[in-house]
Amino acid sequence: TGTGSGLNGLSISYTYNRTNNFDLYARIRGTLANSSMADYWAASANGNYKDELGGDAYLAQDTWLIDTISGSYDTYASTFSYYGENADKYGQSVERIIDNSGHQGEHTIAFGANIGDKLYFGAALGLGEISYTGHYEHSEYLTTGDIYGLYNFTYVNHFDAEGNGANFKFGVIFRPVESLRLGFSMHTPTVYHMDETFYSSITSEFDAGSREAGTGAASYSYKLRTPGRINAGIAYQLGSAAILSADYEFVDYSTAKLKEGIDGYNFDYENSDIKSELKGASNLRLGAEYHLGSMYFRGGYSYYGSAFRTGTMNEDKHYSGYSLGLGYRQKPFYIDFAFSGLISKEQYMMYSDNRLDPAEIKSNHNTFSATIGLKF
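All values derive from a computational prediction rather than experimental measurement. (Residues numbered from 1 in each chain as written. Predicted model: local features only at pLDDT ≥ 70, side-chain atom pairs only at ≥ 80, totals over all residues. Heavy atoms only, no water.)

This part takes up the overall build of the protein. Secondary structure summary: the protein contains three helices and 19 strands in total. Across its three principal directions, the C-alpha atoms of the protein cover 90 × 45 × 40 Å. Taking all 376 residues of the protein together, the buried fraction comes to 35%. For the protein, the share of sequence-separated contacts (at least 6 apart) that also reach a separation of at least 24 residues comes to 66%. Of the roughly 20,900 Å² of accessible surface on the protein, 56% is carried by carbon and sulfur atoms. Here the protein carries 28 positive and 43 negative side-chain charges, and the mean point of each set is 14 Å from the other. (Helix = DSSP H or I, 4+ residues; strand = E, 2+ residues; numbered from the N terminus. Buried < 20%, exposed > 50% of the residue type's maximum accessible area, 1.4 Å probe, protein only. Contact = heavy atoms within 4.5 Å. Areas by Shrake-Rupley, 256 points an atom, 1.4 Å probe, with all protein chains shown as cover. Lys, Arg positive; Asp, Glu negative; His and termini not counted. Charge placed at Lys NZ, Arg CZ, Asp CG, Glu CD.)

Set out below in structure tokens:
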């Protein structure tokens, strides 16, 4: 709109940003010397009569992996103790294949204002989307069938989740001198409406025959509130040759919340787990750019702190990111190339059993991108 101390410019924009990549393929192999997933199902079935069993506990009972112990109608044991008749017997091989996929993204409509080339305000409406598929297959097997007639069993767990939500963002940048920029922004929580479809199945093979049972596909809907974010940043320009930047972000993951299940379920148990397991985390992003003539060279590093409380299994789970970029600019043409990576590791429990050690999963996501543009 002009120059001076007043309103110098207004802007409106639409963007789409892919904010998360959920793709993960992992294979866990080993020998179970002290437990089985069948024991986990037996423990979850305890306290219920057979006609009251549902979900995976019902499938395990229907495929002969668990049954009531002699003289009881609601206490269960697995086939690895011959349903409580003998001592536990293990030594079976185990393989779990994890094959997850999906993404998280956001459409954003943003407005901006420039006040005197010193103060910049921005506000945005974000429309988020989630698409996630979680799938794993858990197999335990023997070659001889010498554990009370069991040869093998395979458990399949699958679910698809789709969600849409909205949030609001507000930010301000202050430029006290030409070379320095100070920024602050706030992102409200995003409230997603989630729809899930899920199923599970078990197949087993004994010397007396084979069994197969499945739940069939079921669906469920609920709302998910993700944490809000607070961000502060600084950027400093070194003459006309380089720029350095740093951003700090705080996210309190314990404020995430599930609510309003389609059947009226209030998620009190799950939300209590979220508060007891998760905490606030700090995220740091550093970047630099140097240009020489028409060439631009860029590099960056990011650190995302652990969302898990001290004393939990994944208290040390954090993410480290890195990026490199190269650009070429000539009026009115420009081209940019970028490479980025994100590294993490986590402790993964195949099922809940204090006799089982966690497996360590290491993840490395790499992305290469190219941008070509023309200015008119």
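Picking up where we left off.
It is worth spelling out the nonpolar core at this point. Within the largest apolar cluster, 34 residues are counted, with the highest numbers of intra-cluster contacts made by Trp 41, Leu 65 and Met 350. Contributions of two or more residues to this core are made by β2 (24–32), α1 (37–45), α2 (55–62), β5 (92–115), β7 (150–174), β9 (191–206) and β19 (359–374). Here the element with the most residues in this core is α1; it accounts for five residues. Not counting residues within four places of it along the chain, the set of residues in contact with Leu 65 comprises Ala 38, Trp 41, Ala 60, Ala 77, Ser 78, Thr 79, Tyr 83, Leu 150, Phe 153, Ile 202, Ser 204 and Phe 206. One finds Ile 130, Ala 161, Tyr 220 and Tyr 222 within the second-largest nonpolar core, a separate group that totals nine residues. (Core = buried A, V, L, I, M, F, W, Y, C linked by side-chain atoms within 4.5 Å.)

Three or more residues of α1 are buried, namely Met 37, Ala 38, Asp 39, Trp 41, Ala 42 and Ala 45. Where α1 starts, the residue carrying a side-chain oxygen 3.0 Å from the main-chain nitrogen of Ala 38 turns out to be Ser 36. (Polar contact = N/O pair within 3.5 Å; in protein donor to acceptor, adjacent residues only side chain to side chain.)

This brings us to a nonpolar patch on the surface. On the surface, Phe 184, Met 186, Ile 230, Tyr 248, Phe 250, Leu 284, Leu 286, Tyr 301 and Tyr 303 cluster together to form a nonpolar patch covering roughly 780 Å² of accessible area. Note that Tyr 303 resides in strand β16 (residues 295–304). Exposure remark for Tyr 303: the relative accessible area of 32% places this residue in the partly exposed category. (Patch = residues over 30% accessible without salt bridge, like charges linked within 9 Å, V, L, I, M, F, W, Y side chains within 5 Å. Salt bridge = Lys/Arg side-chain N within 4 Å of Asp/Glu carboxyl O.)

This part is about the environment of Gly 54. With respect to the helices, strands and loops of the structure, Gly 54 is situated in the loop between α1 and α2. Separated by 161 residues in the primary sequence, Gly 54 and Thr 215 have C-alpha atoms spaced 8.9 Å apart.

Take the side chain of His 135 next. Summarising the element assignment, His 135 is placed in strand β6 (residues 119–141). For His 135, the residues in contact, after removing those within four places along its chain, are Ile 97, Ile 98, Asp 99, Asn 100, Val 156, Asn 157 and His 158.

The full count for this structure, using the stated rule, is 15 aromatic pairs. Each ring, one from Phe 22 and one from Tyr 132, has its centre 5.4 Å from the other, and the planes form 90°; the classification is edge-to-face. Highlighted residues: Phe 22 in the loop between β1 (7–21) and β2 and Tyr 132 in strand β6, separated in sequence by 110 residues. Phe 22 sits in the partly exposed class, given a relative accessible area of 22%. Members of the aromatic cluster, connected to one another through ring pairs, are Trp 41, Tyr 136, Phe 153 and Tyr 155. Residue placement shows Arg 329 over the ring face of Tyr 296; its charged tip is 5.4 Å from the ring centre. A cation over a ring is seen here: Arg 329 above Tyr 334, with NZ or CZ 4.9 Å from the ring centre. (Phe/Tyr/Trp six-rings, centres within 6.5 Å; stacked < 30°, edge-to-face > 60°. Lys NZ or Arg CZ within 6 Å of the ring centre and 35° of its normal.)

Here we take up the side chain of Asn 314. Locating Asn 314 in the fold gives a position in the loop between β16 and β17 (319–330). When near neighbours in sequence (up to four residues on either side) are disregarded, Asn 314 contacts Ser 306, Phe 308, Glu 346 and Gln 347.

Attention now moves to the pattern of salt bridges. Per the counting criterion, the structure on display carries 15 salt bridges. Of the charged contacts in the structure, one is a salt bridge between Lys 169 and Glu 106, with a shortest N-O distance of 2.5 Å. With Lys 169 in strand β7 and Glu 106 in strand β5, the pair connects residues that are 63 residues apart, well separated along the chain. Each of the two residues, Lys 169 as well as Glu 106, counts as buried.

On the secondary structure map, Phe 198 appears in strand β9. The class of Phe 198 is partly exposed, set by a relative accessible area of 35%. For the pair Phe 198 and Phe 159, spaced 39 residues apart in sequence, the C-alpha to C-alpha distance is 4.0 Å.

Bringing the pairing of strand β13 (residues 242–252) into the picture now. Looking along a regular strand, one sees the side chains alternate between the two faces of the sheet. One ladder, built from ten bridges, connects strand β12 (residues 229–238) with β13; its direction is antiparallel. Directly across from Asn 231, in β13, lies its bridge partner Glu 249. Counting the residues between successive antiparallel strands, the hairpin from β12 to β13 contains three residues, one of them, Gly 239, with a positive phi of roughly 60°. Sheet topology places β13 next to strand β15 (residues 280–292); eleven bridges connect them, and they run antiparallel. (Pairing = 2+ DSSP bridges.)

Turning next to the packing of α1 against α2. Closest axis-to-axis distance for the α1/α2 pair is 9 Å, and the angle between their directions is 115°. The interaxial crossing formed by α1 with α2 has left-handed handedness. Residues Trp 41, Ser 44 and Ala 45 of α1 pack against Asp 56, Ala 57 and Ala 60 of α2. When grouped by side-chain class, the residues that make up the contact of α1 with α2 number four nonpolar, one polar and one charged. (Axes fitted to C-alpha atoms, helices over the stretch in contact; angles between N-to-C directions. Left-handed = near helix turned anticlockwise from the far one by under 90°. Nonpolar A, V, L, I, M, F, W, Y, C, P; charged D, E, K, R; others polar.)

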